[in-house]
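# Residue-level structural notes
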Amino acid sequence: GKTLMAAFLLHHSLGHDPRQSRKPKKVQVEIDELLGRMLASSNQLAASSDIPMIREAVVKEEEGRFSPYAFGEGNYKDTDTPRSSLLQTGTSSSSPTTLKEDEGSVEFGLGQPLITGGELRLSQRLGRRDSNSEFFVPKDQADAKLRLEFKQPLLRGAGVEVNSAPMQLARLERDRSVADFQRQ
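### Some words on the overall build of the chain
Counting its regular elements, the chain contains four helices and six strands. Seen in sequence order, the chain has helices and strands lined up from the N terminus as β-β-α-α-β-α-β-β-β-α. For the chain, with 184 residues in total, the buried portion stands at 19%. The long-range share in the chain, meaning contacts at least 24 apart out of those at least 6 apart in sequence, stands at 60%. Accessible surface computed for the chain: about 13900 Å², of which carbon and sulfur atoms make up 57%.

### A closer look at the packing of aromatic side chains
In this structure the tally under the stated criterion is one aromatic pair. Centre to centre, the rings of Y69 and F71 are 6.2 Å apart; their planes meet at 45 degrees, and the pair counts as tilted.

### Looking at helix α4 (residues 160–183)
With 24 residues, α4 should cover 34 Å at 1.5 Å per step; its first-to-last C-alpha distance of 34 Å lies within 8% of that length. If you look at α4, its biggest bend is around 30 degrees, right at P166. All of the buried residues in α4 are N163, S164, M167, A170, R174 and S177.

### Side note on a nonpolar patch on the surface
Taken together, L120, L122, L146, L148 and F150 make up a surface patch of nonpolar side chains, about 550 Å² in accessible area. Every element with two or more residues in the nonpolar patch is listed here: β5 (119–131) and β6 (141–151). Considering every element that reaches the nonpolar patch, the biggest residue donor is β6, with three residues. Secondary-structure assignment places L120 in strand β5.

### What about the pairing of strand β3 (residues 69–82)?
Burial analysis of β3 places just one of its 14 residues in the buried class, which makes it a mostly uncovered element. Alignment of β3 against strand β4 (residues 98–113), held across 14 bridges, turns out to be antiparallel. The partner of P82 across the bridge, within β4, is T98.

### What about the side chain of E107?
Considering the arrangement of structural elements, one finds E107 in strand β4. On the accessibility criterion, E107 (12% relative accessible area) is buried. In terms of polar contacts, E107 uses its side chain to reach the side chain of S123, at 2.8 Å. At 2.9 Å, the side chain of E107 and the side chain of R147 are in polar contact. Excluding anything up to four places from it in sequence, E107 contacts F71, G72, E73, S123, Q124, R125 and R147.

### Things to note about the environment of L122
With respect to the secondary-structure elements, L122 resides in strand β5. Take L122: its relative accessible area is 43%, and that puts it in the partly exposed class. Between the C-alpha atom of L122 and that of L110, which follows or precedes it by 12 residues, the distance is 5.5 Å. In this structure, L122 is in contact with F71, F108, G109, L110, L146, R147 and L148, ignoring residues within four places of it in sequence.

Criteria and cut-off values
- Residues numbered from 1 in each chain as written.
- Predicted model: local features only at pLDDT ≥ 70, side-chain atom pairs only at ≥ 80, totals over all residues.
- Heavy atoms only, no water.
- Helix = DSSP H or I, 4+ residues; strand = E, 2+ residues; numbered from the N terminus.
- Buried < 20%, exposed > 50% of the residue type's maximum accessible area, 1.4 Å probe, protein only.
- Contact = heavy atoms within 4.5 Å.
- Areas by Shrake-Rupley, 256 points an atom, 1.4 Å probe, with all protein chains shown as cover.
- Phe/Tyr/Trp six-rings, centres within 6.5 Å; stacked < 30°, edge-to-face > 60°.
- Expected span 1.5 Å × (residues − 1).
- Bend = angle between axes of the 7 residues up to and from the residue.
- Patch = residues over 30% accessible without salt bridge, like charges linked within 9 Å, V, L, I, M, F, W, Y side chains within 5 Å.
- Salt bridge = Lys/Arg side-chain N within 4 Å of Asp/Glu carboxyl O.
- Pairing = 2+ DSSP bridges.
- Polar contact = N/O pair within 3.5 Å; in protein donor to acceptor, adjacent residues only side chain to side chain.

Below, the structure is given as structure tokens:
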């Protein structure tokens, strides 16, 4: 690398011997090291050097709107209600006087927001249901649903131009802040 020959008067207040002459000493210093020291001690440059990093974070945030994501949800419902009709629990003499039902499900999957404004989701739902009604046959029922879903708005938020505009603006703002920093 390029080096700079600089003459510095080295003076130490502690341990200074007045009999020593004050001759300048030549010290070899890299230009990169001098620039680094200058940048490290400049508060204005330190503050403005953060702006391009902040603008880059905004670009990543806008691009992150189109990142795939995982989701999951579950629910459980347990009801115990007095029967209002024999058709709820059964018509036999041994049919229960209260209708008891429990139902639970879990759904999980992956989603992908699209640059067109739409969204693609793939999910799996697993469910279970039981009741003490004589009409509920078979007992302890289970079901499973695999779902592929595509949603696309027709007007609001639709189109590549509409959805890519925030990313383009964030990139332009980042590039402008980098150019401003380089001018300093």
